[in-house]
Number of protein chains: 2
Amino acid sequence: MDISEVVRRSGLPASTLRFYEQKGLIASVGRRGLHRVFAAGVLEQLSLIALGRAAGFSLDEIAAMFGADGRPRIERQQLLEKADELDQSIKQLTAMRDGLRHAAACPAPSHMECPTFRRLMGLAGAGAFSERR
Amino acid sequence: MDISEVVRRSGLPASTLRFYEQKGLIASVGRRGLHRVFAAGVLEQLSLIALGRAAGFSLDEIAAMFGADGRPRIERQQLLEKADELDQSIKQLTAMRDGLRHAAACPAPSHMECPTFRRLMGLAGAGAFSERR
DNA sequence: TTGCTACTTAAAGTCGACTTGAGGTCAAGG
DNA sequence: CCTTGACCTCAAGTCGACTTTAAGTAGCAA
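Residues numbered from 1 in each chain as written. Chains lettered and ligands numbered in written order. Predicted model: local features only at pLDDT ≥ 70, side-chain atom pairs only at ≥ 80, totals over all residues.

A. Spatial organisation of the overall build of chain A. A tally of helices and strands in chain A yields 6 helices and 2 strands. Mapped in sequence order, the helices and strands of chain A form the string α-α-β-β-α-α-α-α. Here the C-alpha atoms of chain A give a radius of gyration of 22 Å, more than 25% beyond the 14 Å that 2.2 N^0.38 yields for 133 residues. Overall, the C-alpha framework of chain A stretches about 70 × 30 × 20 Å when taken along its three principal axes. For chain A, with 133 residues in total, the buried portion stands at 28%. Once local pairs closer than 6 in sequence are excluded, the contacts in chain A between residues at least 24 apart make up 42%. (Helix = DSSP H or I, 4+ residues; strand = E, 2+ residues; numbered from the N terminus. Rg over C-alpha atoms; globule rule 2.2 N^0.38 Å. Buried ≥ 20, exposed ≤ 12 C-beta atoms within 10 Å, placed from the backbone. Contact = placed C-beta atoms within 7 Å.)

Laid out in structure tokens, this is it:
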């Protein structure tokens, strides 16, 4: 496959593919002239990268999950840790969502008079939501 | 209050306070010599900013929520829209968390042989989790 | 009055994940 | 054979939210 086919089948721009290759996340199997040639497996690798990104791993972390052979070797421990992080995020986002919905429905003239809103503000001010995103 | 007291009571570094002032998010009530003097209300404003950030609003969006007087005027509509966005995120994160937990527990020798994991990969590769974070 | 130190400014730097631009090469179709 | 346009490289730019640095000023204790 040449790069244009990978672009077509992955939906990613060519610049991203070159960037990923430079970072060591994917590899081309060789060149035809100057042009990169990719193996079909690169599409699966790209899906895995997308999954890792969506789960919140950095590109460097994802790079570390590929062995020298290009096959993934993912520690189950790492998945569990990330799942726990996601649990934290989900809890916070849920509290935030409920707070926002309450404030939107709250009859107080200004949000500043709504105790629910103020409680959420207090939490945020105290850093209860820091270290996320 | 001088800046050091705001630092102490808000937990934010002075550089952030100056940056927020420059962005128009907060305002000092004047100067004592060169030194900024802040009104007590700035602490509440900072909490509100922290809340906005935690909910996923950008600093520019938050700035737009303050009237010229410094009092917040927040559209209920905007809160509902953000709540809906959060719902989306929560759904995706939940799916991701469950998928990771499954993969961690899955007896398949490699994650690549786990159908649940592969399904999640497929979704990610197809962009099902794009436009988040 | 001196001197310490906390404050001030403006500009530049950081971080992650890419994108963009300038300038160059070459495989393939006519 | 020649043109075309898809591909190449390397460096620099972008975005958001700050932080850092360098150089300067002034409030307050002694």
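B. Expanded view of the protein's contact with DNA strand C. Among the 20 residues in the neighbourhood of DNA strand C, the closest are listed as Ser15(A), Gly33(A), Leu59(A), Ser4(B) and Arg36(B). Elements represented by at least two residues in the surface near DNA strand C include exactly helix H2 (14-23) and helix H4 (59-64) of chain A together with helix H1 (3-10), helix H2 (14-23) and strand E2 (35-37) of chain B. Partitioned by chemical class, the residues of the surface near DNA strand C number 7 nonpolar, 7 polar and 6 charged. (Near = placed C-beta within 6 Å. Nonpolar A, V, L, I, M, F, W, Y, C, P; charged D, E, K, R; others polar.)

C. View of the interface of chain A and chain B. Contacts between the two partners involve 37 residues from chain A, matched on the other side by 37 residues from chain B. At the level of secondary structure, the elements contributing two or more residues to the side of chain A that touches chain B comprise helix H3 (42-55), helix H5 (76-105) and helix H6 (115-125) of chain A. Looking at the side of chain A that touches chain B, the element that brings in the most residues is H5(A), giving 17 residues. For the side of chain A that touches chain B, a count of residues per class yields 23 nonpolar, 8 polar and 6 charged.

D. Region of the structure containing the protein's contact with DNA strand D. Near DNA strand D you find 20 residues, and of these Ser4(A), Arg36(A), Ser15(B), Gly33(B) and Ser58(B) are the closest. Elements represented by at least two residues in the surface near DNA strand D include exactly helix H1 (3-10), H2 and strand E2 (35-37) of chain A together with H2 and helix H4 (59-64) of chain B. With 3 residues, H2(B) is the single largest residue contributor to the surface near DNA strand D. In the surface near DNA strand D, the residues fall into 7 nonpolar, 7 polar and 6 charged.

E. Expanded view of helix H3 (residues 42-55) of chain B. Compared with an ideal rise of 1.5 Å per residue, which puts 14 residues at 20 Å, H3(B) spans 20 Å between its outermost C-alpha atoms and is within 8% of the ideal. Buried residues dominate H3(B), accounting for 10 of its 14 residues. If you check which residues of H3(B) are buried, you get Val42(B), Gln45(B), Leu46(B), Leu48(B), Ile49(B), Ala50(B), Leu51(B), Gly52(B), Ala54(B) and Ala55(B). Looking at the buried positions of H3(B), the neighbouring elements they touch are H5 and H6 of chain A together with H1, H2, H4 and helix H5 (76-105) of chain B. Positive backbone phi, at 105°, marks Gly56(B), one or two positions downstream of H3(B). (Expected span 1.5 Å × (residues − 1).)

F. Region of the structure containing the packing of H5(A) against H6(A). Residues and elements named next belong to chain A. Contact geometry for H5 and H6: axes closest at 9 Å, N-to-C directions at 145°. Crossing handedness for the pair H5 and H6: left-handed. In contact with Gly99, His102 and Ala103 of H5, H6 contributes Thr116, Phe117 and Leu120. Across the contact of H5 with H6, the residue classes break down as 3 nonpolar, 3 polar and no charged. (Axes fitted to C-alpha atoms, helices over the stretch in contact; angles between N-to-C directions. Left-handed = near helix turned anticlockwise from the far one by under 90°.)

G. Region of the structure containing the relation of the copies chain A and chain B. Relative to chain B, chain A is turned by 180° and slid 0.0 Å along the rotation axis, the superposed coordinates differing by an RMSD of 0.0 Å. Put plainly, the chains are arranged around a two-fold axis. Relative to the rotation axis, the closest C-alpha in chain A is found at Ile90(A), a distance of 2.9 Å. Mapped onto chain B, 100% of the interface residues of chain A again fall at the interface, so both copies present the same surface. (Least-squares fit on C-alpha atoms with pLDDT ≥ 70 in both.)

H. Structural detail: the domain arrangement of chain A. In terms of domains, chain A is made up of domain 1 (3-64) and domain 2 (76-125). Taking only C-alpha atoms, the centre of domain 1 of chain A and the centre of domain 2 of chain A are 36 Å apart. (Domains from an automatic or database assignment.)

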